[in-house]
Amino acid sequence: MTEESVHTTNFIRNIIDNDLQNNKNNGKVATRFPPEPNGYLHIGHAKSICINFGLAKEYQGTCNLRFDDTNPAKEDIEYVESIQNDIKWLGFEWSNLHFASDYFDKLYDYAVQLVKSGKAYVDSLSADQIREYRGTLKEAGKNSPDRDRSIEENLDLFERMKNGEFDEGTYIVRAKIDMSSPNINMRDPAIYRIKKAHHHRTDYKWSIYPMYDYAHGVSDAIEGITHSICTLEFEDHRPLYYWFLEQLNITTPPQQIEFAKLKLDYTVMSKRTLLKLVQEKYVSGWDDPRMLTIAGLRRRGYTPESIRNLIEITGVSKSNGVVEFGQLEYCIREDLNKKVNRIMGILKPLKVVITNYPEGKTEEVDIDNNPEDETAGKRMLSFSKTIYIEQDDFTETPPKGYFRLAPGIEVRLKQAYYIKLENIIRDENGIIEELHCTYDPESKGGTADGRKIKGTIQWVSEQHAINAEVRLYSSLFSKSNPDAEENYQDALNPDSLIVLKDCKLEASMKNAEKGKGYQFIRNGYFCLDQDSSENNLVFNRTVTLKDSWAKEKSKSR
RNA sequence: UGGGGUGUUGCCAAGUGGUAAGGCAUCGGAUUCUGAUUCCGACAUGCGUAGGUUCAAUCCCUACCACCCCAGCCA
């Protein structure tokens, strides 16, 4: 059973199934993903990507990548590159790569056609005046004095706008629809504005640029898109989308379908806020592992599969919901659990000397790379007299139900020996420096007579260990709905990044590979960070393991 | 009565005139050399509210309520 075949249905699939049954569009499905190259893609975009590319794949159709680059003031080549990179990383391929700017000539010709047929006019009202004339949500607008300008004059002015004869803001081309429409989008919306900016693809060729509402539908039609899928806020634009295509005599227009954006609690999704986080240095960049950008998630250690799965299991609908962050964590744990090797890693080391173990002796024990994957094989681990264990795996005062190392509680060192506490060594301030333990030589490999040892803990041999820096992340925000705060800074979690400098890892981790995940046994999933170097290994914690003991403890508190 | 949407369990989400899928979370229990994983079991007499139609309504009708979106020469 493949990942794709276990989905539940949703309203878009129902629409397509129905279209196919009626042989609409000759049984073709053609979608597109239309990002504006003005920022990095985030997990919300991933939903749109999965829907559009996913549907095309499911129905043996096509999905184009089309950059909606109609506003040169905001767009940049850096973003067109990162966007392509992220889509590929997510595991999708576009059928064709397009830019709305490739259609500028056609778009202009179509606009001339609208002017010629009296469906558009050149307005000399200022932006402020246009706003006044537009009316309000409850009151109708009124016609611009220029609404009845002659076609000849409109044509002449439009031409001269194109030729760069006028300053920005002096003229604008508007569709002639209905200033009293209850739908504000139909009150003579702008279709071309003067903008004398450098465009990343057309350079300075144009001094006018089409508006989204006009360019988008026409671009869809040019590409033969059958299902134009967008988010809910464009529902009000749908009549306008069809109006343009109708005026241009496009008889089989794409169908616009709107779905609810992905929202996750404890996060922000708006590009505006993400950009602020970057600019105001609350994060290290667009790819900070705490950012829910695709780049950030990738650096954090999330896999494409886990992100695709999140989108699949949370579904597609028209109701505005908020998905719990735990759902995302479930997806990444589920994926990494079956794919990733287990290694010994100690985050907060506590030195343990095994007093009855021979001085200078080293022996090898074997361990499964991944018990969930029989093909993953085994490897050897070095054991010796002095080891590190996790500080959290020892306590002098064990609470009820505790079965880690403590006075009177014997534990198993995973794959090695049973040990029990003999002595606690402290410094002059009474702080624990190290533990003296004894081991049972009969328990090599982790088994001996019939004794029931409940606790098994990870360890690493002092002389064989390597040092590493580990970055522990938690949610960037401490408020479940940061957008509800007046100021997003008020919702920031001061402990979203904790850096541990003296972590001890098993020796094999000096060969850790970037882009690969590891389970540090009992600690969570980690990956090598790009900041890592040979002399300073740096790991990111992708996600913790589920920890029912921690839950138990917090309950009793 | 400005227009457009949405309301199904803590969260996401199918469903449809015939008596509420699934996933996450949660809670039990089993297995376990990761208090992980895995496995079993529990988890909406109820589908925003109130009426109505019907043998039968979450699904149809009416009214109401709540929430989201829209007044960029942004997308």
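Residues numbered from 1 in each chain as written. Chains lettered and ligands numbered in written order. Predicted model: local features only at pLDDT ≥ 70, side-chain atom pairs only at ≥ 80, totals over all residues. Heavy atoms only, no water.

Asker: Looking at this model, I keep getting lost on the overall build of chain A. Mind explaining?
Answerer: Counting its secondary structure elements, chain A contains 13 helices and 25 strands. Compactness check: chain A gives a C-alpha radius of gyration of 31 Å against a globular reference of 24 Å for 557 residues, more than 25% above the reference. If one aligns the C-alpha atoms of chain A with their principal axes, the spans along those axes are about 100 × 55 × 45 Å. Residues counted as buried form 51% of the 557 residues belonging to chain A. (Helix = DSSP H or I, 4+ residues; strand = E, 2+ residues; numbered from the N terminus. Rg over C-alpha atoms; globule rule 2.2 N^0.38 Å. Buried < 20%, exposed > 50% of the residue type's maximum accessible area, 1.4 Å probe, protein only.)

Asker: Looking at this structure, I do not really get unusual backbone geometry. What am I missing?
Answerer: Most peptide bonds take the trans configuration, and most residues that are not glycine carry a negative phi. Not every positive phi belongs to a glycine, and Asp-188 is a case in point at roughly 45 degrees. One can find Asp-188 in the loop between β5 (172–175) and β6 (190–194).

Asker: Looking at this structure, I do not really get the nonpolar core. What am I missing?
Answerer: In a soluble, globular protein the nonpolar side chains are often hidden away together inside. Grouped together as the largest cluster of nonpolar side chains are 37 residues, with contacts concentrated most on Ile-43, Ile-49, Phe-53, Ile-87 and Leu-328. Taken together, the elements giving at least two residues each to this core come down to α2 (43–58), β2 (62–67), α3 (77–90), α10 (294–300), α11 (304–314) and α12 (325–339). The greatest single-element share of this core, amounting to six residues, is contributed by α2. Split by domain, the residues of this core number at least three in each of domain 1 (3–259) and domain 2 (271–341 + 468–556). Counting residues in hydrophobic clusters, the runner-up holds 33 residues, among them Ala-111, Leu-157, Ala-175 and Trp-206. (Core = buried A, V, L, I, M, F, W, Y, C linked by side-chain atoms within 4.5 Å. Domains from an automatic or database assignment.)

Asker: I keep staring at the domain arrangement of chain A and nothing clicks. Help me out?
Answerer: When the parts of a complex come together, some accessible area is lost, and that lost area is often taken as the interface size. Examined at the domain level, chain A breaks down into domain 1 (3–259), domain 2 (271–341 + 468–556) and domain 3 (345–458). Between the C-alpha centres of domain 2 and domain 3 the distance comes to 29 Å. Counting residues at the interface gives 20 residues for domain 2, matched by 24 residues for domain 3. Both faces combined, the contact of domain 2 with domain 3 buries some 1700 Å², and carbon together with sulfur accounts for 54% of it. Three residues stand out in domain 2 for area buried against domain 3, namely Lys-504, Arg-522 and Trp-549, and they jointly supply 36% of the buried area on that side. For Glu-506, the salt bridge goes to Arg-379, with nearest N and O atoms at 2.8 Å. Applying the counting rule to domain 2 against domain 3 returns 10 residue pairs in polar contact (both at pLDDT 80 or more). (Contact = heavy atoms within 4.5 Å. Buried area = accessible area lost by both parts, 1.4 Å probe. Salt bridge = Lys/Arg side-chain N within 4 Å of Asp/Glu carboxyl O. Polar contact = N/O pair within 3.5 Å; in protein donor to acceptor, adjacent residues only side chain to side chain.)

Asker: Just to check I follow, could you spell out the protein's contact with RNA strand B for this structure?
Answerer: Within the structure, RNA strand B sits among 70 residues, and Thr-314, Arg-342, Arg-404, Gly-445 and Ser-548 are positioned closest to it. By atom count, sugar and phosphate contribute 64% of the portion of RNA strand B lying within 4 Å of the protein. At 3.3 Å, a side-chain N or O of Glu-235 approaches a sugar or linking oxygen of RNA strand B. In this structure, Ser-548 approaches RNA strand B through a side-chain N or O atom, which is 2.4 Å from a sugar or linking oxygen. (Near = heavy atom within 4 Å.)

Asker: For this particular structure, what's the right way to read the environment of His-198?
Answerer: Within the element layout of this structure, His-198 appears in the loop between β6 and β7 (208–210). A relative accessible area of 39% means that His-198 is categorised as partly exposed. Counting along the chain gives 132 residues from His-198 to Arg-66, while the straight-line C-alpha distance between them is 20 Å. When neighbours within four sequence positions are excluded, His-198 is seen to be in contact with Pro-72, Asp-203 and Tyr-204. A distance of 2.8 Å separates polar atoms of two side chains, one belonging to His-198 and the other to Asp-203.

Asker: Hey, could you run me through the sheet that holds strand β20 (residues 460–461) in this one?
Answerer: Strand-to-strand pairing in sheets goes through backbone hydrogen bonds, with the strands running parallel or antiparallel. One open sheet accounts for seven strands, arranged β19-β16-β17-β18-β12-β15-β20; its pairing is mixed. Among the strands making up the open sheet, the edge pair consists of β19 (456–457) and β20. Inspection of the sheet shows strand β16 (residues 411–413) paired to β19 by two bridges, in the parallel sense. Counterpart to Arg-412 in the pairing with β19 is Thr-456. (Pairing = 2+ DSSP bridges.)

Asker: Which parts of the structure should I look at to understand the pairing of strand β15 (residues 386–390)?
Answerer: Residues in a regular strand point their side chains to alternate faces of the sheet. Most of β15 sits inside the fold, with five of its five residues counted as buried. With five bridges connecting them, strand β12 (residues 349–354) and β15 associate as antiparallel partners. Across the sheet, Val-352 pairs through a bridge with Ile-387, a residue of β15. Bridging between β15 and β20 involves two bridges; their strand directions are antiparallel. Of the residues in β20, the one forming a bridge with Tyr-388 is Val-460.

Asker: Is there a simple way to think about the packing of helix α7 (residues 212–223) against helix α8 (residues 238–247) in this case?
Answerer: Pairs of packed helices are described in terms of their axes, by the angle between the two and the distance that separates them. Closest axis-to-axis distance for the α7/α8 pair is 9 Å, and the angle between their directions is 60 degrees. By the criterion of interaxial angle, the relationship of α7 to α8 is oblique. Where α7 crosses over α8, the two elements pack in a sense that is right-handed. Residues Asp-213, Tyr-214, His-216, Gly-217, Val-218, Asp-220 and Ala-221 of α7 form the contact with α8, whose own contacting residues are Leu-240, Tyr-241, Phe-244 and Leu-245. Across the contact of α7 with α8, the residue classes tally to seven nonpolar, two polar and two charged. (Axes fitted to C-alpha atoms, helices over the stretch in contact; angles between N-to-C directions. Parallel < 35°, antiparallel > 145°, perpendicular 65-115°, else oblique. Left-handed = near helix turned anticlockwise from the far one by under 90°. Nonpolar A, V, L, I, M, F, W, Y, C, P; charged D, E, K, R; others polar.)

Asker: For this particular structure, what's the right way to read the packing of aromatic side chains?
Answerer: Think of a pair of aromatic rings as described by two things: how far the centres are apart, and how the planes are tilted against each other in angle. Inspection of every chain in the model, using the stated rule, returns 25 aromatic pairs. When the ring of Phe-158 is compared with that of Tyr-192, the centres are 5.5 Å apart and the planes differ by 55 degrees; the resulting orientation is tilted. With Phe-158 in helix α6 (residues 151–162) and Tyr-192 in strand β6, this residue pair connects regions lying 34 residues apart in the sequence. The class for Phe-158 is buried, based on a relative accessible area of 1%. Ring centres of Tyr-282 and Tyr-488 lie 6.0 Å apart, and the angle between their planes is 85 degrees; this geometry places the pair in the edge-to-face category. (Phe/Tyr/Trp six-rings, centres within 6.5 Å; stacked < 30°, edge-to-face > 60°.)

Asker: What is the right way to look at the sheet that holds β5 in this model?
Answerer: Pairing within the open sheet is antiparallel, and its four strands lie in the order β4-β5-β6-β7. Single-partner strands in this sheet number two, and they are β4 (120–123) and β7. Averaged over all pairs of adjacent strands, the angle between strand axes in this sheet comes to 20 degrees, irrespective of strand direction.

Asker: Sorry if this is basic, but what is going on with the pattern of salt bridges here?
Answerer: Between side chains of opposite charge, a pair can form when the charged atoms approach closely. The full count for this structure, using the stated rule, is 42 salt bridges. The salt bridge involving Arg-147 is made with Asp-188; its shortest N-O contact spans 2.7 Å. Of the two residues, Arg-147 sits in the loop between α5 (127–134) and α6 while Asp-188 sits in the loop between β5 and β6, which places them 41 residues apart along the sequence. Across the pair, Asp-188 and Arg-147 agree in class, each one buried. Across the pair Glu-258 and Arg-238 runs a salt bridge whose closest N-O atoms are separated by 2.8 Å. Of this pair, Glu-258 sits in strand β9 (residues 255–259) while Arg-238 sits in helix α8, and the two are 20 residues apart along the sequence. Among the charged side chains, a salt-bridge network with shared partners connects Asp-287, Arg-299, Glu-469, Arg-471, Lys-501, Asp-529 and Asp-531.

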